[in-house]
Amino acid sequence: MLFRSHADGKTPVKAGDTLSPDRALLTLGAHVARTEAAMRACIGDVPLAQHEWDAYVSLAYNIGAAAFCHSGVVRALHATPPDYAGACAKIKRWVYAGGKKMPGLVKRREAEYRLCMGEAS
């Protein structure tokens, strides 16, 4: 797991920093909590099933909350009525790193898409 900051969200991680397994879980929890708060702010009151929320948290944690909040996923959720299937399908677009399609991201996004559609837990 790669963290860019410690649990406080401010102190940068430096080469040689170490975490105990317990501290790593606490740090992960803090990062996920910040991601979820940002997601709640940009999704607003659009009702989501737990499996949809879980898929979007996975995506947002990986790409960053700002990128998620400006994505086609959120735009589809804000449509009237919300385009739930379309929002789930847009997860599959996030498969590039450095301009290159990454097989690992294709696999991860497929799993997130299936979760979003309620096909996996």
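Each remark here, short or long, concerns the structure printed above.
Rules used in this analysis
Residues numbered from 1 in each chain as written. Predicted model: local features only at pLDDT ≥ 70, side-chain atom pairs only at ≥ 80, totals over all residues. Heavy atoms only, no water. Axes fitted to C-alpha atoms, helices over the stretch in contact; angles between N-to-C directions. Helix = DSSP H or I, 4+ residues; strand = E, 2+ residues; numbered from the N terminus. Parallel < 35°, antiparallel > 145°, perpendicular 65-115°, else oblique. Left-handed = near helix turned anticlockwise from the far one by under 90°. Contact = heavy atoms within 4.5 Å. Nonpolar A, V, L, I, M, F, W, Y, C, P; charged D, E, K, R; others polar. Core = buried A, V, L, I, M, F, W, Y, C linked by side-chain atoms within 4.5 Å. Buried < 20%, exposed > 50% of the residue type's maximum accessible area, 1.4 Å probe, protein only. Expected span 1.5 Å × (residues − 1).

(A) Layout of the packing of helix α1 (residues 21-43) against helix α2 (residues 50-63). The geometry of α1 relative to α2 is characterised by a closest axis approach of 10 Å and an angle of 110° between their N-to-C directions. Between α1 and α2, the angle falls in the class roughly perpendicular. Considering the relative orientation of α1 and α2, their crossing is right-handed. Here α1 contributes Leu28, His31, Val32, Thr35, Glu36, Met39, Arg40 and Ile43 to the contact with α2, which in turn contributes Trp53, Tyr56, Val57, Ala60 and Tyr61. For the contact of α1 with α2, the per-class residue count stands at 9 nonpolar, 2 polar and 2 charged.

(B) Just the nonpolar core, in detail. Membership of the largest hydrophobic core comes to 22 residues, with the highest contact counts inside it found for Met39, Ile43, Tyr56, Phe68, Val73, Leu77 and Ile91. Counting residues per element, the ones that place at least two in this core are α1, α2, α3 (65-69), α4 (72-77), α5 (84-90) and α6 (103-116). Tallying contributions element by element places α2 first for this core, with 6 residues. When neighbours within four sequence positions are excluded, Val73 is seen to be in contact with Tyr56, Leu59, Phe68, Ala87, Lys90 and Ile91.

(C) A look at α1. Taking 1.5 Å as the rise per residue, α1 with 23 residues should run 33 Å; its terminal C-alpha atoms sit 32 Å apart, in good agreement. Tucked inside the fold, the buried residues of α1 contact α2, α3 and α4. Backbone geometry just downstream of α1 places Gly44 in the positive-phi region, at approximately 75°.

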